[in-house]
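Report on the structure
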Amino acid sequence: MSTATDKFVSPRLALSGDVMQMLYRVLAVVLLGVALTTLSDVFLTANNILNVLRQTALLFLMASGLTLVILTAGLDLSIGANVGLSACLAASVIKLTGSPLLGVATGIGCGAAVGFGNGVLVTALRIPSFIATYGMMWMLTGVTYYYMAGETIHGFPPGFRQLGSGYLFGVPTPVYVMVVFLLIGALFAQRTIWGQQIYAIGANPVAARLSGVPVERRLVLVYTVSGAMAGLASLIILARINSAQGDIGEELTLPAIAAVLVGGTSLFGGSGTVAGTLIGALLLTVVLNGMNLLQINSSWQPLATGIIILLAVWIDTRTRRIGEW
Amino acid sequence: MTTQSLVATSLARVPGVVIALVSLCAVFGATNPGFATPANIANILTQSTILLLLALPMTLIIMTEGLDLSIGAVLTFASIILAITALVTESPTLAFLAALVVGLCFGLGNGVLIAVFDIPPFITTLGTLGIAQGLSLVVTDGQSVVGIPRSIEAIYSGTAAGIPLPVIIAALAYTFTYALLYHTRFGTYVFALGGNREALKVAGISVRGMLIRVYMFGGVMAGFAALLMTARLNSAHPTAGIGMEFDAIAAIAVGGTSFERGNGWLLGTLFGVITVGVLRNGLNLLAVPSSAQVACIGALVIIALFIDGLRGEP
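Summary of the structure given here. Predicted model, so just to flag it, every value in this text is computed and none were measured. (Residues numbered from 1 in each chain as written. Chains lettered and ligands numbered in written order. Predicted model: local features only at pLDDT ≥ 70, side-chain atom pairs only at ≥ 80, totals over all residues. Heavy atoms only, no water.)

As a further point, take the interface of chain A and chain B. Of the residues lining the interface, 35 residues belong to chain A; the matching set on chain B comes to 39 residues. With both sides pooled, the region where chain A packs onto chain B buries about 3200 Å², and carbon together with sulfur makes up 83% of that total. Contact with chain B buries surface across chain A, with Tyr 134, Trp 138 and Leu 310 of chain A losing the most and accounting together for 19% of the total. For the pair chain A and chain B, the interface holds two residue pairs in polar contact (both at pLDDT 80 or more). At the level of secondary structure, the elements contributing two or more residues to the side of chain A that touches chain B comprise helix H6 (129-148), helix H12 (253-262) and helix H14 (300-324) of chain A. (Contact = heavy atoms within 4.5 Å. Buried area = accessible area lost by both parts, 1.4 Å probe. Polar contact = N/O pair within 3.5 Å; in protein donor to acceptor, adjacent residues only side chain to side chain. Helix = DSSP H or I, 4+ residues; strand = E, 2+ residues; numbered from the N terminus.)

This is the structure:
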């Protein structure tokens, strides 16, 4: 039998203990890559690998903020819709002012504001996070569609477009953004007091509160960060596809959740790493890329993502149960 | 709970949802002459029937501290299977049975994943939402299924003794769920699942079996709702029911069922469904685009949950 307290393992210890888990996932990516190389001539080409990395970067950016939320045993179902609203507002601002910088500020600001709203709903109003962010998702979708009224905003300055479609030393710009945020995220989660408090909240909120963790403030922080990361991701999509439509973020929530869970972060909070989420994002992107290359109809993608989520949580539940015995 | 406190809680709740309903009716009645007409009111009631069929089992599911996010996608997939079966076999009965089987399978799948595999309800049903939505797109290739037999359409447009058939179906569903929840042992266990799960275990009741049955009930009702929706649209479309689960959750939240304490109130859900129906209809009459309607319903949910949170304060 376990008690609630031994769920919490020091993140640093958890990291070393999870190295094997991480290696299994890397091995899975490699095996999948080998399989896809034999099945498709296109997979192991420079173009496709760069494309996979670019997609991974986008998914990781959304999933990294979400990782923090899930570490606190919460969930943010609004990130896809948040991407939609942030992208559309940023696009309008860039069109109106001609300033990419203002656009970037708008995108990240809008994302963070929505995330802050989620944080308030979850803490001040004590609404369960999956209900609060689910309601937020539909409200954002509604507002975005209403605002856009079926229109498309397209054609942005070349400088801004570099953010999504540019290259530096032959590597797509988003990959650099991804590496930067991987370092920031990993350092924040593993090496700062706030990061440790986030693990503590997920492992046992009551114990965390009793040991003086400002639970509400940290929760508002993680939802705000999750929103801000969705805002950042929206800018990269915008810069990449060079146009904004109301439905731009619609199909991104499920893959982001899948990336976090496949990356080994427990849905029940308190264990997982930001680096794991990167591997999860890579694994999921390779799966979806492989489905594309094998010319499987894209309609199968939500189905595959749904099954991957269920499998990941099932494995999580099983490991936890074995651990408890 | 004593009779006195039961009356007190009921009184404390009735005003919440009834005030919302009455004030919405007053606002729409005052701003639009077309609102308070018998034809429009009949319209609201008929259109609310599909939502009620989803909200009734969802109330039970939420009472067990669960959630079914997949119910709208399952409704959509069942509707597509219903339409395709009707096209192939030309038998409305077989088509209806096929829709029920689809609903039953998804309900069973949800229940087994939640009760046996211990996967949290919201993530289970988020996964099965993806699966049902994916299957709908795969089967139809994104196209509508049209040309189904006229006899199916009659189920939505027909009347018996002057009352629209969907209203009769919804009334039967409400009566059935009411009897199930308040007058059977099953209903008592549903209350216990949310309020006192340990007591059920001690009493030797299979919690897993109960949970599976509650989610199966949801699936079957989605099958019934698929019949009404297909009949209403006279076709099936792979995105037709997407987001219906949100309207259902909204109706239940407005109706005063708590998401955390397992307190359910079926009559509140009925009022909540009508409130959402009135809101949609009134906004339609004011020519508010459906996108903005979703935002209004979202705001309604947050207000309702806020009030629910205030009530929960000791």
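One recurring pattern in soluble globular proteins is that nonpolar side chains are buried together. Counting 197 residues, the largest nonpolar core has Leu 238 and Ile 257 of chain A together with Leu 60, Leu 67 and Ile 123 of chain B as its most contacted members. It is helix H10 (residues 207-233) of chain B that provides the largest number of residues to this core, a total of 15 residues. Other than its neighbours up to four places away in sequence, Ile 123 of chain B contacts Leu 75, Ile 257, Leu 261, Leu 267, Ile 309, Leu 310 and Val 313 of chain A. (Core = buried A, V, L, I, M, F, W, Y, C linked by side-chain atoms within 4.5 Å. Buried < 20%, exposed > 50% of the residue type's maximum accessible area, 1.4 Å probe, protein only.)

On inspection of all chains with the given rule, the structure shows 13 aromatic pairs over all chains. Between the aromatic rings of Phe 156 of chain A and Phe 160 of chain A, the centroid separation amounts to 5.9 Å while the plane-to-plane angle is 75°, which identifies the pairing as edge-to-face. Note on accessibility: Phe 156 of chain A and Phe 160 of chain A belong to one class, buried. Seen in terms of ring centroids, Phe 96 of chain B and Phe 224 of chain B are 5.3 Å apart; in terms of plane orientation they differ by 65°. Their pairing is edge-to-face. Of the two residues, Phe 96 of chain B sits in helix H4 (residues 92-115) while Phe 224 of chain B sits in helix H10, which places them 128 residues apart along the sequence. (Phe/Tyr/Trp six-rings, centres within 6.5 Å; stacked < 30°, edge-to-face > 60°.)

Residue and element names in this part refer to chain A. Counting through the fold element by element, Asn 289 comes out in helix H13 (residues 274-293). Taking relative accessible area as the criterion, Asn 289 reaches 9% and is therefore assigned buried. Beyond its immediate chain neighbours, meaning those up to four positions away, Asn 289 contacts Phe 43, Asn 48, Asn 51 and Val 52.

This next bit is on the pattern of salt bridges. Residue and element names in this part refer to chain B. According to the stated counting rule, one finds four salt bridges over all chains in the structure shown. Close ionic contact of Lys 201 with Glu 198 constitutes a salt bridge, the shortest N to O distance being 3.6 Å. On the criterion of helical spacing, the pair formed by Lys 201 and Glu 198 is a turn pair, its members being three residues apart in helix H9 (residues 197-202). Its relative accessible area of 48% is what places Lys 201 among the partly exposed residues. Close ionic contact of Asp 247 with Arg 280 constitutes a salt bridge, the shortest N to O distance being 3.1 Å. With Asp 247 in helix H11 (residues 244-254) and Arg 280 in helix H12 (residues 266-285), this residue pair connects regions lying 33 residues apart in the sequence. (Salt bridge = Lys/Arg side-chain N within 4 Å of Asp/Glu carboxyl O.)

Once that is clear, we can look at the environment of Leu 61 of chain A. All names here are of chain A. One can find Leu 61 in helix H3 (residues 46-71). It is 24 Å that separates the C-alpha atoms of Leu 61 and Met 20, two residues lying 41 residues apart in sequence. Leave out the neighbours within four places in its chain, and Leu 61 touches Val 177, Met 178, Phe 181, Met 229, Leu 232, Ala 233 and Ile 236.

Moving on, we get to the packing of helix H4 (residues 79-97) of chain A against helix H5 (residues 100-123) of chain A. In a pair of packed helices, the angle between the axes and the distance between the axes together describe the arrangement. Residues and elements named next belong to chain A. Packing of H4 against H5 brings their axes to within 8 Å, and their N-to-C directions diverge by 155°. Our classification of the angle between H4 and H5 gives roughly antiparallel. Regarding H4 and H5, the two cross each other, and that crossing is right-handed. Where H4 abuts H5, its residues Asn 82, Leu 85, Ser 86, Leu 89, Ala 90, Val 93, Ile 94 and Thr 97 lie against Pro 100, Leu 102, Gly 103, Thr 106, Gly 107, Cys 110, Gly 111, Val 114 and Gly 115. A class-by-class count of the residues in the contact of H4 with H5 yields nine nonpolar, eight polar and no charged. (Axes fitted to C-alpha atoms, helices over the stretch in contact; angles between N-to-C directions. Parallel < 35°, antiparallel > 145°, perpendicular 65-115°, else oblique. Left-handed = near helix turned anticlockwise from the far one by under 90°. Nonpolar A, V, L, I, M, F, W, Y, C, P; charged D, E, K, R; others polar.)

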